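Residues per chain, in single letters:
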Amino acid sequence: MTATTWGGEQLDLDAYLARVGYDGDRRPTLETLRKLHTAHSAAIGFENIEILLGRPILLDLESLQAKMVRQRRGGYCYEQNLLYAAALERLGFRVRGLGARIRMGEDKVRPVTHALLAVELGGTEWITDVGFGGEALLAPLPLRDGVEERQGAWTFGLAHEEETGSWLLRSRHEDGWFDLYAFGTERRYAVDYAVFNHYISTHPRSPFTGRLVVQKPGPEERRTLVGRELTRIRPDWSREVREVAPREIPELLATAFGITLTATDAAALVATYATEGADGRDGAGAE
């Protein structure tokens, strides 16, 4: 098999599809894209545990498969979308990497640090992103100005911003549209994500280097664990918030976020979190 952009030839496709619970059609169709996006989002949680344990975030495909497929762990945007891109490529989709600037409701200009994907099907590009965390898309969106789509209990939209030339991914909140991130159409590659990843996983001002961040989007509930604070957000925008004790974390990760830790990693995380992970700073909405 010849080399590919996203390493699809190295992917154990059967193992990946079993991990995300997808047993449908493997032809590169819109239905396959929709169902695979939804399946991946439901199965693999967003997490930064490796960073808290003092380990590097490895982006080669073998490491991604070992962590998220065989060990049944989660990952953050570069990990999840690179694994997903390999699967899409292996299934025959035409996939492009893109980069985004996080907004999370603010106009502040942040660096390009988030990875997302575009898939071309029949002359239409679809935005697909399984690595944004708690407020992530649950299915692809066509790259079209003004598009709106309800996904589960949540509504997402895309808008083209004339002033900057950027596309905006938005989520409808109780008080109106909320900008999640702004992205351009410049093609990004795995080497670009490697640079972004180094900054996000090591810089002291990164939202992921000083606290635990675990997130899971769902059709009826969004879950986040940031520092010691566990939050569940429901479609009526009501919130259930409680403080979590370090000893609760391993079981909570398994039951609420679908993340499995080894006994050694569970003990190390509890110990690290008890001494260093109590920072509950706001703003954990992905990169």
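Residues numbered from 1 in each chain as written. Predicted model: local features only at pLDDT ≥ 70, side-chain atom pairs only at ≥ 80, totals over all residues. Heavy atoms only, no water.

### Concerning the overall build of the protein
Phase 1 of the analysis: A count of helices and strands for the protein gives eight helices and 13 strands.
Phase 2 of the analysis: Relative to the 2.2 N^0.38 estimate, which gives 19 Å for 287 residues, the radius of gyration of the protein is 18 Å and therefore close to what a compact globule would have.
Phase 3 of the analysis: Counting only C-alpha atoms, the protein reaches 50 × 50 × 35 Å along its principal axes.
Phase 4 of the analysis: When each of the 287 residues of the protein is scored for burial, the buried share is 57%.
Phase 5 of the analysis: Partitioning the intrachain contacts of the protein with sequence separation of at least 6 by distance along the chain shows that 60% fall at a separation of at least 24.
Phase 6 of the analysis: When the accessible surface of the protein is summed, it comes to about 12500 Å², and 48% of that surface belongs to carbon and sulfur atoms.
Phase 7 of the analysis: Computed over 35 positive and 42 negative side-chain charges, the inter-centroid distance for the protein is 2 Å. (Helix = DSSP H or I, 4+ residues; strand = E, 2+ residues; numbered from the N terminus. Rg over C-alpha atoms; globule rule 2.2 N^0.38 Å. Buried < 20%, exposed > 50% of the residue type's maximum accessible area, 1.4 Å probe, protein only. Contact = heavy atoms within 4.5 Å. Areas by Shrake-Rupley, 256 points an atom, 1.4 Å probe, with all protein chains shown as cover. Lys, Arg positive; Asp, Glu negative; His and termini not counted. Charge placed at Lys NZ, Arg CZ, Asp CG, Glu CD.)

### Things to note about the packing of helix H4 (residues 61-70) against helix H5 (residues 77-91)
Phase 1 of the analysis: Where H4 contacts H5, the axes come no closer than 10 Å and their chain directions differ by 105 degrees. Judged by the inter-axis angle, H4 sits roughly perpendicular to H5. Across the interface between the two elements, Leu-61, Leu-64, Gln-65, Lys-67, Met-68 and Val-69 from H4 touch Glu-79, Gln-80, Leu-82, Leu-83 and Ala-86 from H5.
Phase 2 of the analysis: Here the residues of the contact of H4 with H5 are counted per class, giving seven nonpolar, two polar and two charged. (Axes fitted to C-alpha atoms, helices over the stretch in contact; angles between N-to-C directions. Parallel < 35°, antiparallel > 145°, perpendicular 65-115°, else oblique. Nonpolar A, V, L, I, M, F, W, Y, C, P; charged D, E, K, R; others polar.)

### Let's talk about the nonpolar core
Phase 1 of the analysis: Counting 45 residues, the largest nonpolar core has Tyr-16, Leu-36, Tyr-78 and Leu-88 as its most contacted members.
Phase 2 of the analysis: Contributing elements (two or more residues each) for this core: helix H1 (13-20), helix H2 (30-43), H4, H5, strand S3 (112-121) and helix H6 (190-202).
Phase 3 of the analysis: Looking at this core, the element that brings in the most residues is H5, giving 10 residues.
Phase 4 of the analysis: Excluding its chain neighbours within four sequence positions, the residues that come into contact with Tyr-16 are Leu-11, Leu-36, His-40, Val-69, Leu-83, Tyr-84 and Ala-87.
Phase 5 of the analysis: Judged by nonpolar contacts, the second largest core, of 25 residues, contains Leu-98, Leu-138, Ile-233 and Trp-237. (Core = buried A, V, L, I, M, F, W, Y, C linked by side-chain atoms within 4.5 Å.)

### Re the sheet that holds strand S4 (residues 124-128)
Phase 1 of the analysis: Pairing within the open sheet is antiparallel, and its eight strands lie in the order S5-S4-S3-S2-S9-S8-S7-S6. Two strands lie at the open edges of the sheet, namely strand S5 (141-142) and strand S6 (148-151), each paired on one side alone.
Phase 2 of the analysis: Relative to S5, S4 is paired through two bridges, and the arrangement is antiparallel. Opposite Trp-126, over in S5, you have Pro-142 as the bridge partner.
Phase 3 of the analysis: Packed on one face of the sheet, H5 meets strand S2 (94-102), S3 and S4 and runs near 15 degrees to S3.
Phase 4 of the analysis: Lying over the sheet, H6 contacts S2 and S3, oriented at roughly 145 degrees with respect to S3. (Pairing = 2+ DSSP bridges.)

### Re unusual backbone geometry
Phase 1 of the analysis: Even without being glycine, Arg-72 reaches a positive phi, approximately 60 degrees.
Phase 2 of the analysis: With respect to the secondary-structure elements, Arg-72 resides in the loop between H4 and H5.
Phase 3 of the analysis: Phi at Trp-237 is positive, roughly 70 degrees, even though this residue is not glycine.
Phase 4 of the analysis: Position of Trp-237 relative to the elements: it lies in the loop between strand S12 (229-233) and strand S13 (239-243).

### Here's the deal with the side chain of Gln-215
Phase 1 of the analysis: Along the chain, Gln-215 falls in strand S10 (residues 213-216).
Phase 2 of the analysis: Here the side chain of Gln-215 touches Gly-134 through a polar contact of 2.6 Å, landing on its backbone nitrogen. (Polar contact = N/O pair within 3.5 Å; in protein donor to acceptor, adjacent residues only side chain to side chain.)

### Here we look at the sheet that holds S12
Through backbone hydrogen bonds, the strands of a sheet pair up, either in parallel or in antiparallel fashion.
Phase 1 of the analysis: Across the sheet, which stays open at both edges, the five strands sit in the order S1-S10-S11-S12-S13 with antiparallel pairing between neighbours. Each of the sheet's edge strands pairs with one partner strand only, and the pair in question is strand S1 (46-47) and S13.
Phase 2 of the analysis: Pairing analysis gives four bridges linking S10 to strand S11 (residues 222-226), with the strands arranged antiparallel. Bridge pairing in S11 links Lys-216 to Arg-223.

### Focus: H1
Phase 1 of the analysis: Buried within H1 we find Leu-13, Tyr-16, Leu-17, Arg-19 and Val-20. Along the long axis of H1, the arc covered by the buried residues comes to 155 degrees, so they all point the same way.
Phase 2 of the analysis: Residues of H1 that are buried sit in contact with H2, H4 and H5. (Arc of directions from axis to C-beta.)

### A closer look at the packing of aromatic side chains
Phase 1 of the analysis: Here the structure, examined in full by the defined rule, presents nine aromatic pairs.
Phase 2 of the analysis: Judged by centre distance (5.7 Å) and plane angle (50 degrees), the rings of Phe-46 and Phe-208 are tilted. On the criterion of sequence distance, the pair formed by Phe-46 in strand S1 and Phe-208 in the loop between H6 and S10 is long-range, its members being 162 residues apart.
Phase 3 of the analysis: Between Tyr-76 and Phe-208 the ring centres are 5.7 Å apart and the planes differ by 75 degrees, which places this aromatic pair in the edge-to-face class. Taken together, the positions of Tyr-76 in the loop between H4 and H5 and Phe-208 in the loop between H6 and S10 put the pair 132 residues apart, joining distant regions of the chain. (Phe/Tyr/Trp six-rings, centres within 6.5 Å; stacked < 30°, edge-to-face > 60°.)

The quantities given are spatial measurements derived from coordinates; they are silent on function.
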